[in-house]
Amino acid sequence: MALSDSVTTCLSPPVHYVICKLGFEKTDTYDINNILSENGEVCWQAVTEHVCYLKSDQSVDYIESIRSLGPVCESVNLHFKSLTKEQFVIQYALWFRWTNCSELFLEVFDVLQYTQTTEVALGLMKLTSCLERALGDVYLLIGKDCPFLLRDLLASEQLAVVFGQAVMNVLRVFIGSPYGLNLRNVLWHGFASPQEIPAKYCAMLLFLTAGLGQLLQTYLLQTKCIVVHRPYVIFVSLKELDVFPGNYLDHEVLSIAEELVKLSSFVLKTMLPFWMAALKAFKQSRYADCVILLLPQLEVGFRLLFTTTNKCPNRLLTAEPSALYTTFDEMLAKYLDNEEVNQLPAVLEEPTMASEFLWDFLNHQEGPRIRDRLSHGEINLEAFPREVANQIVAFAITLLCRFSDEDVFAFKEHMVIKPLMNYASCYRSRFHPISRLKKQVLECMKSIHLWPELPTVPEEHVETTKGLEGNAEASTLILMISEIISQLQQYMPQNFYSSDDPINSVLTERLLIALCDTYICTLYSPRPVLEIVVVLRKISTQCHQVSEQVIASTELRYKQWMNKTLRSRQRHNYLRMLNSINFLSPVLRLILVLITLELVNVHLVCKKNPFDYQQYLKFLKSVLQYTENLVTYTSPEKNKWDETMELTNKALIKIREICDRKLMLMQLAT
């Protein structure tokens, strides 16, 4: 029997007891009128009385509190079931407005009427994420930097000031504390199956959210404050997320996916309802629901592989409060916490692809960070883009195929599934710092390539301007650039060098594209590489800013020249600028080529032969200093073009030194 068939729960015995049994031990019937006044307000004092405290230090006794609150939760659940939708809206809708997503909480009420376990779990996940976001907005009434973790937010003095410490302790019994029910985490990290989440806890959190709205209104009336809701995160550059073409996920593919879910060893059978609900949500264009359901299941599947290959089956279960969950961060790491090598990548057919995809979509700071943003309520669920859901669903389908028995070979070779597998195998990181550097370099080169198209005065004006004739300094610059190119020629792709015109044959966008197409494994990049990449990105950013400043200044000065609004000194400075940028262009292009060569070869060197990269960083930082000074000198406020030429001459001498070092690195790399 496959392990995915034999696992009946991912909750450890103590956690399973707390969530599934503890709150049911008291069978007393609790009168809803004890905690709900005639005018529909939550009687918080009656609720907080059920929170118990340890005699030793007066901290919350979570076990006794859950046991005591069990009947209260059941009473609230039955109360909601007794209401029509219209009655619920009249009595409670007003008190959800503070969350900035009232409709979601009204939808949770609908779900509770039918007690479909999968929908209850989904509703609870959405409720907790939106509640966290709303509480963060309230926190900012008093505090400055909102805590990232829910447990820190609920334990903050700021929320205690607004709602009262006793009220916050009630919330912590349900969410935010690993010692309590911890409903948010066990769901968002995929530990709880649908049938393991009692609907009454979802009902209670819905009730408490309305009560918080009532308390907040009182606070706002007293303080004359206004809650400002932070704007939602919007996914930009959706094309960058386009790994799997969206039109592949048609009815036929989704039908095959439903069959694969039932057969794949990647899916725990207890979690199968979540998978089916996710695919159903995608078909119904409920893209946020689809991804919310699917992300925890991807984590479960990888946790199953991780614990099996690393021979630590106990890590499949929820950890106790004294230990950490086995989450994506650990599963994607190179080493285990005992410093042994993580064996998970070795069992993946495409270890780089799977890991790089997950790092891109979930972890990298410049990526979409889908799970973080969904689970912390940072995304407008109603406007969640299909493009993002396409990628997660398609990626999930490839995993279902990879971890299926041979008897489903026909599925893997199906004419609509095979292209997805091919797309997956070709995936390369897009949001790792190395990938972002490549993108920066190409964008900067595109900007510099606009220079020749800029409007300019007749050439004879530039050549005959006093002080610019026979510019020996410029000739020296060109000579040094040519020498550097000649040094680097042997390390560049073929057919990119012409002795007749080394500058314009080598320092091109075509060369940069070829260099950037060189595959660099971003998984487990050594620390020296990452530190060097940080500096290289700063250099690229400064070069791009110089280019944008040159473009803006050239267009403005030309317009002023044609309108004859420049004073004599400004005209002379403008002509000096035109002369200077003729030589600045190849310098900046040379730096971009060097950046890309450094990226490729430093990565190889660090993996093969550790070297004194701190000394090497000094060279790069000297180039960074040059580009930073260049930004200052070429700014509209400074316009110091003579100084720019002097600075460039010194910088090229330093770059030539770097190229000497580069030759050493090349030798190490080869």
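Residues numbered from 1 in each chain as written. Predicted model: local features only at pLDDT ≥ 70, side-chain atom pairs only at ≥ 80, totals over all residues. Heavy atoms only, no water.

As annotated in an unreviewed UniProt entry, the protein chain carries the name EMARD protein and is attributed to Alca torda.

Caption draft 1: The pattern of salt bridges, seen in detail. A complete count under the given rule lists 24 salt bridges for this structure. The residue Arg369 makes a salt bridge to Asp372 at a minimum N-O spacing of 3.7 Å. Of the residues examined, Arg369 reaches a relative accessible area of 11% and is grouped as buried. Linking Lys446 and Glu509 is a salt bridge whose minimum nitrogen-to-oxygen distance equals 2.8 Å. In this pair, Lys446 is assigned in helix 23 (residues 433–448) and Glu509 in helix 27 (residues 509–516), connecting sequence segments 63 residues apart. The class for Lys446 is partly exposed, based on a relative accessible area of 49%. (Salt bridge = Lys/Arg side-chain N within 4 Å of Asp/Glu carboxyl O. Buried < 20%, exposed > 50% of the residue type's maximum accessible area, 1.4 Å probe, protein only. Helix = DSSP H or I, 4+ residues; strand = E, 2+ residues; numbered from the N terminus.)

Caption draft 2: Spatial organisation of the UniProt feature "domain: DUF4209" (unreviewed entry) in the protein chain. Under the feature "domain: DUF4209" (unreviewed entry), the UniProt entry names residues 131–211. Helix makes up 62% of residues 131–211 and strand 0%, with an end-to-end C-alpha separation of 12 Å. (UniProt positions renumbered as here; feature names shortened; annotations may be inferred.)

Caption draft 3: Inspection of the domain arrangement of the protein chain at higher detail. Here the domain parsing of the protein chain yields domain 1 (13–223), domain 2 (238–426) and domain 3 (433–661). Contact with domain 1, which involves 29 residues of that partner, is made by 32 residues of domain 2. Contact with domain 2 buries surface across domain 1, with Trp188, His189 and Phe191 losing the most and accounting together for 26% of the total. Across the contact surface, domain 1 and domain 2 share one salt bridge. Residue Asp289 pairs with Lys126 through a salt bridge whose shortest N-O separation is 2.9 Å. Counting the contacts that link domain 1 with domain 2 gives five residue pairs in polar contact (both at pLDDT 80 or more). With nine residues, the single largest contributor to the side of domain 1 that touches domain 2 is helix 7 (residues 117–139). In terms of residue class, the side of domain 1 that touches domain 2 is made up of 16 nonpolar, eight polar and five charged. (Domains from an automatic or database assignment. Contact = heavy atoms within 4.5 Å. Buried area = accessible area lost by both parts, 1.4 Å probe. Polar contact = N/O pair within 3.5 Å; in protein donor to acceptor, adjacent residues only side chain to side chain. Nonpolar A, V, L, I, M, F, W, Y, C, P; charged D, E, K, R; others polar.)

Caption draft 4: How the structure looks around the nonpolar core. Counting 160 residues, the largest nonpolar core has Phe80, Phe174, Phe302 and Phe384 as its most contacted members. Counting residues per element, this core draws most heavily on helix 15 (residues 287–309), at 14 residues. There are two domains that each give this core at least three residues, and those are domain 1 (13–223) and domain 2 (238–426). Discounting chain neighbours no more than four positions away, the residues touching Phe384 are Phe235, Tyr287, Ala288, Val291, Ile370, Leu374, Ile379 and Ala389. If you look at the next biggest cluster of nonpolar residues, it comprises 73 residues, including Cys444, Leu617, Phe619 and Ile655. (Core = buried A, V, L, I, M, F, W, Y, C linked by side-chain atoms within 4.5 Å.)

Caption draft 5: The packing of helix 7 against helix 12 (residues 199–223), seen in detail. For the pair helix 7 and helix 12, interaxial distance at closest approach is 10 Å and the crossing angle is 20°. By the angle between their directions, the pair helix 7 and helix 12 is classed as roughly parallel. The two elements helix 7 and helix 12 cross, and the hand of that crossing is left-handed. Facing Val120, Leu124, Leu127, Thr128, Leu131, Leu135 and Val138 of helix 7, the residues of helix 12 in contact are Ala199, Cys202, Leu205, Leu206, Thr209, Leu212 and Leu216. (Axes fitted to C-alpha atoms, helices over the stretch in contact; angles between N-to-C directions. Parallel < 35°, antiparallel > 145°, perpendicular 65-115°, else oblique. Left-handed = near helix turned anticlockwise from the far one by under 90°.)

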